[in-house]
Amino acid sequence: MSIKEADRVLPVTSGESDSRREKRSVVRPSRAKQYEPIVIGTLSVVIALTAWQLVANARIMPVLFLPGPNDVAQAFVKLFQTGDIWLDIGTSGAELGIGYGMAIVIGLVTGLLMGWYTRFQYALDPFVNFFYSTPRIVLIPLFIIWFGIDMPSKIAVIFLGALFPIIINTMAGVRNTEAALLRVARSFGASDALIFRRVVLPGSVPFILTGFRLGIGHALTGVVVAELIAARHGVGQLIAIAGQTFQTPKMLAGVILIAGTGMLLTTILQRIENRFQAWRPQIR
Amino acid sequence: MPDRSAKLSANGVGIEYWLHRSKALFTAVKGVDLTVRPGEFLAIVGPSGCGKTTFLNAVDGLIPIAEGSLTLDGRDITKPGPDRAMVFQQPGLLPWRTVLGNVIFGVEAQGTMSKDEAITRAKQQIELVGLKGFEDAYPLELSGGMQQRVNLARALLTDPEMLLLDEPFAALDAQTREMMQLELLKIWSQTRKTALFITHDIKEAIYLADRVIVFTRRPGRVKNELEINLSRPRDLRVKRDPQFLTYEDEIWESIQEELAVPAERLIAGMPAA
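All values reported here derive from a predicted model rather than from experimental measurement.

### As for the interface of chain A and chain B
Okay, so step 1: Of the residues lining the interface, 24 residues belong to chain A; the matching set on chain B comes to 33 residues.
Okay, so step 2: Regarding the contact of chain A and chain B, the summed buried area is about 2,600 Å², with carbon and sulfur atoms giving 65% of it.
Okay, so step 3: The interface formed by chain A and chain B includes one salt bridge.
Okay, so step 4: Among the salt bridges present, the one from Arg 198 of chain A reaches Glu 108 of chain B, with a minimum N-O distance of 2.6 Å.
Okay, so step 5: Across the chain A-chain B interface, the total number found is two residue pairs in polar contact (both at pLDDT 80 or more).

The following block contains the structure:
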């Protein structure tokens, strides 16, 4: 529904006989409307790719400067034909999985504790603020000294990158528990443990998942940048080498691989978020 | 000396708040003396900000009293307990739980009932407050009046000895409020629980209560009290009864003296004078 149509949607009356509040509109929506997001989205991508292809085909610039989508697609296929790519994907994937996984577990626990225990928050706030406002990329040289150029240094960067958005959002979720709900729970004599499990935690879920989602972006940045600087294998390393050896289509194929991963993970988390939001009335 | 026959007994109750921004101690109520008899429906009215809600929170045990004594069945009130249940002004429902899930939340928090029993009894309670068929609806799908029914059912399910109601209908539109008053009386007449009802609505207080207590302006204390001798069951027509209007005049005059604005500067024809 567009903003313009908003005024054609009738306000819902507070009639107590309605079992559910439903979205209403004065005109019967056409069947095609429900596919609009997909159709328009696909069309705009197709148009953009076509335009890119046409400009590339004109060959104003050599392939090195401006490869067309077909060149990138060819490079992409070639990557998977040789099979070397699986080592890179495996390496980056493992780094991402371990680093991000650790960030989720430790970030969630730390965030919940900081939200729930004010004094714990006072103690950790300086560190969280320090690391969150420092681009963690600058620590890569230190991690390479500590852990070498293999996976552990990458894992450290990814972990630190994803950790702080998760901590900060989780903490905000706990802190944002509605005072009225806490009062109700206390009035019924709820124990702290019950308040935490039944009121605070479920209320924080949207915040926590947002933290996870932001964490993915930071984690992916960490993978690529850490591998650009020094690595033996990995998709970031592939991008770096392809760039340095003027294989622009291959480089872009690597970029698409990273972007695709990010979009996929974000979509999965978005789905999970929606599952937890069944109680929200649809306002779309 | 606490009155032995009383359900709730307040003697010289004072409640103070520390205001963080003003860095000052604030006295909400001071020297409150009142009793609630077993099975009685008592309403407290007073000008806004007179500390009546604060007093109710102390009865619930959510906040401590600074001086005096506050006893339920002769025992000091120090913390919330299963012998009291509050119906809040804001429904305070868990948005991610259905009506059924919210109704059982009170007993779940108290840990006094098995889950199966809670669900069975909750369904009866939901029917009693007129929400049959809405067990699986989420709070955000309900109107304000229906949310307050859930709020009421949650309190009733804990089967308290005393029901505390903090302006539960204040946020509802006029018609819904009248319907809810009628239904509250119906439910109350079936359970006959001792009830302490806070409101700023004089008609509401008279219509519901056996006795109405007027609070002074802050720091609040009991200014006067009035037995309401209107026969029960009461339907909404009782609000036009001459006796009802006499009570209303009396309470209104009493409150008027407490308002910061002098009476002669009030616009003529404000509440039913």
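### Here's the deal with the pairing of strand 7 (residues 162-166) of chain B
Residue and element names in this part refer to chain B.
Okay, so step 1: Here strand 7 lies mainly inside the structure; five of its five residues are buried.
Okay, so step 2: Side chains of strand 7 alternate between two faces, with Met 162, Leu 164 and Asp 166 and Leu 163 and Leu 165 buried alike.
Okay, so step 3: In this structure, strand 6 (residues 84-87) lies alongside strand 7, joined through four bridges in parallel fashion. Opposite Val 87, over in strand 7, you have Leu 165 as the bridge partner.
Okay, so step 4: Where strand 7 and strand 8 (residues 194-199) come together, five bridges link them in parallel fashion. Residue pairing for strand 8: Met 162 is matched across the bridge by Thr 194.

### Structural notes on the nonpolar core
Side chains of a nonpolar character, in soluble globular proteins, are inclined to be buried together.
Okay, so step 1: Core analysis: the largest hydrophobic core is formed by 139 residues, its most contacted members being Leu 34, Phe 55, Leu 196 and Phe 215 of chain B.
Okay, so step 2: In terms of residues, this core owes the most to one element, helix 8 (residues 192-229) of chain A, which gives 14 residues.
Okay, so step 3: When sequence neighbours within four positions are dropped, the list of residues in contact with Leu 34 of chain B reads Leu 8, Ser 9, Ala 10, Leu 42, Ile 44, Phe 55, Ile 213, Phe 215 and Val 222 of chain B.

### A few points about the packing of aromatic side chains
One pair of aromatic rings is described through two measures. These are the centre distance and the angle between the planes.
Okay, so step 1: Tallying each qualifying case throughout the model produces 13 aromatic pairs over all chains.
Okay, so step 2: Consider the rings of Phe 76 of chain A and Phe 80 of chain A, whose centres lie 5.3 Å apart with planes at 45 degrees: the pair is tilted. Of this pair, Phe 76 of chain A and Phe 80 of chain A both sit in helix 2 (residues 69-82), four residues apart, which is roughly one turn of the helix.
Okay, so step 3: Taken together, a centroid distance of 6.3 Å and an interplanar angle of 45 degrees make the contact between Tyr 17 of chain B and Phe 26 of chain B tilted.
Okay, so step 4: Using a relative accessible area of 31% as the deciding quantity, one classes Tyr 17 of chain B as partly exposed.
Okay, so step 5: If you follow Lys 239 of chain B out to its NZ or CZ, it ends over the ring of Tyr 207 of chain B, 5.0 Å from the centre.

### What about the environment of Gly 31 of chain B?
Residues and elements named next belong to chain B.
Okay, so step 1: Within the fold, Gly 31 resides in strand 2 (residues 24-36).
Okay, so step 2: You can call Gly 31 partly exposed: its relative accessible area is 30%.
Okay, so step 3: The sequence separation of Gly 31 and Met 113 amounts to 82 residues, and the corresponding C-alpha distance is 38 Å.
Okay, so step 4: Once residues within four sequence positions are removed from consideration, Gly 31 is found in contact with Gly 12, Val 13, Gly 14 and Arg 221.

### What to know about helix 8 (residues 242-256) of chain B
Residue and element names in this part refer to chain B.
Okay, so step 1: In this model helix 8 runs 21 Å from its N-terminal to its C-terminal C-alpha over 15 residues, within 8% of the 21 Å that 1.5 Å per residue would give.
Okay, so step 2: Among all positions of helix 8, only Phe 244, Tyr 247, Glu 248, Ile 251, Trp 252, Ser 254 and Ile 255 are buried. Each buried residue of helix 8 sits inside an arc of 160 degrees when the element is viewed along its axis, so together they form one side.
Okay, so step 3: Capping the start of helix 8 is the job of one residue whose side-chain oxygen sits 2.8 Å from the backbone nitrogen of Gln 243: Asp 241.

### Focus: unusual backbone geometry
One can expect most non-glycine residues to show negative phi and most peptide bonds to be in trans.
Residues and elements named next belong to chain B.
Okay, so step 1: Each neighbour pair has its own omega, and for Arg 218 with Pro 219 the value is -10 degrees, a cis peptide bond.
Okay, so step 2: With respect to the element layout, Pro 219 can be found in the loop between strand 9 (211-215) and strand 10 (222-227).
Okay, so step 3: Note the cis peptide between Arg 232 and Pro 233, where omega equals -5 degrees.
Okay, so step 4: The backbone phi angle of Lys 23 is positive, close to 50 degrees, even though this residue is not glycine.
Okay, so step 5: By the secondary structure assignment, Lys 23 is in the loop between strand 1 (8-19) and strand 2.
Okay, so step 6: Within the chain, Glu 167 stands out as a residue other than glycine whose phi angle is a positive 40 degrees.

### Some points on the pattern of salt bridges
Residues and elements named next belong to chain B.
Okay, so step 1: In total, this model carries 25 salt bridges over all chains according to the counting rule given.
Okay, so step 2: One salt bridge in this structure joins Lys 7 and Glu 161, with 2.7 Å as the shortest N-O distance. One end of the pair, Lys 7, is in the segment before strand 1; the other, Glu 161, is in the loop between helix 5 (144-157) and strand 7, with 154 residues separating them in the sequence.
Okay, so step 3: A relative accessible area of 11% means that Lys 7 is categorised as buried.
Okay, so step 4: Since its relative accessible area comes to 37%, Glu 161 is described here as partly exposed.
Okay, so step 5: Note that Glu 257 is salt-bridged to Lys 223, the shortest N-O span being 2.9 Å.

### Considering the sheet that holds strand 7 of chain B
All names here are of chain B.
Okay, so step 1: Strand order in this open sheet of six strands is 6-7-8-3-9-10, and the pairing throughout is mixed. Taken across any chain shown, the strands that pair with only one partner, and hence form the sheet edges, are strand 6 and strand 10. Across the sheet, the mean angle separating the axes of adjacent strands is 20 degrees when strand polarity is ignored.
Okay, so step 2: Relative to strand 9, strand 3 (residues 41-45) runs parallel, the two sharing four bridges. For Leu 42, the partnering residue across the bridge sits in strand 9 and is Arg 211.

### Some words on the confidence of the model for chain B
All names here are of chain B.
Okay, so step 1: Summarising the model, chain B shows a mean pLDDT of 89, and 93% of its residues fall at 70 or more.
Okay, so step 2: Taken as a whole, residues 265-273 scores under 50 in pLDDT and shows eight contacts with residues more than four places along the chain or in a different chain.
Okay, so step 3: Two numbers describe this predicted complex: its pTM, 0.81, and its ipTM, 0.87.

### What about the pairing of strand 9 of chain B?
Okay, so step 1: In terms of burial, strand 9 of chain B is a largely internal element, five of the five residues being buried.
Okay, so step 2: Burial along strand 9 of chain B is two-sided: the residues Arg 211, Ile 213 and Phe 215 of chain B and Val 212 and Val 214 of chain B are all buried.

### Side note on the sheet that holds strand 4 (residues 67-72) of chain B
Residues and elements named next belong to chain B.
Okay, so step 1: Taken together, four strands build an open sheet; the order of strands is 2-1-4-5 and the sheet is antiparallel. Two strands in the sheet have a free side with no partner beyond their single neighbour: strand 2 and strand 5 (75-76).
Okay, so step 2: Pairing geometry for strand 1 and strand 4, over five bridges, is antiparallel. Looking at strand 4, one finds that Gly 14 is bridged to Glu 67.
Okay, so step 3: Packed on one face of the sheet, helix 1 (residues 52-60) meets strand 1, strand 2 and strand 4 and runs near 110 degrees to strand 1.

About the cut-offs
Residues numbered from 1 in each chain as written. Chains lettered and ligands numbered in written order. Predicted model: local features only at pLDDT ≥ 70, side-chain atom pairs only at ≥ 80, totals over all residues. Heavy atoms only, no water. Contact = heavy atoms within 4.5 Å. Buried area = accessible area lost by both parts, 1.4 Å probe. Salt bridge = Lys/Arg side-chain N within 4 Å of Asp/Glu carboxyl O. Polar contact = N/O pair within 3.5 Å; in protein donor to acceptor, adjacent residues only side chain to side chain. Buried < 20%, exposed > 50% of the residue type's maximum accessible area, 1.4 Å probe, protein only. Helix = DSSP H or I, 4+ residues; strand = E, 2+ residues; numbered from the N terminus. Pairing = 2+ DSSP bridges. Core = buried A, V, L, I, M, F, W, Y, C linked by side-chain atoms within 4.5 Å. Phe/Tyr/Trp six-rings, centres within 6.5 Å; stacked < 30°, edge-to-face > 60°. Lys NZ or Arg CZ within 6 Å of the ring centre and 35° of its normal. Expected span 1.5 Å × (residues − 1). Arc of directions from axis to C-beta. Axes fitted to C-alpha atoms, helices over the stretch in contact; angles between N-to-C directions. pLDDT = per-residue confidence, 0-100.

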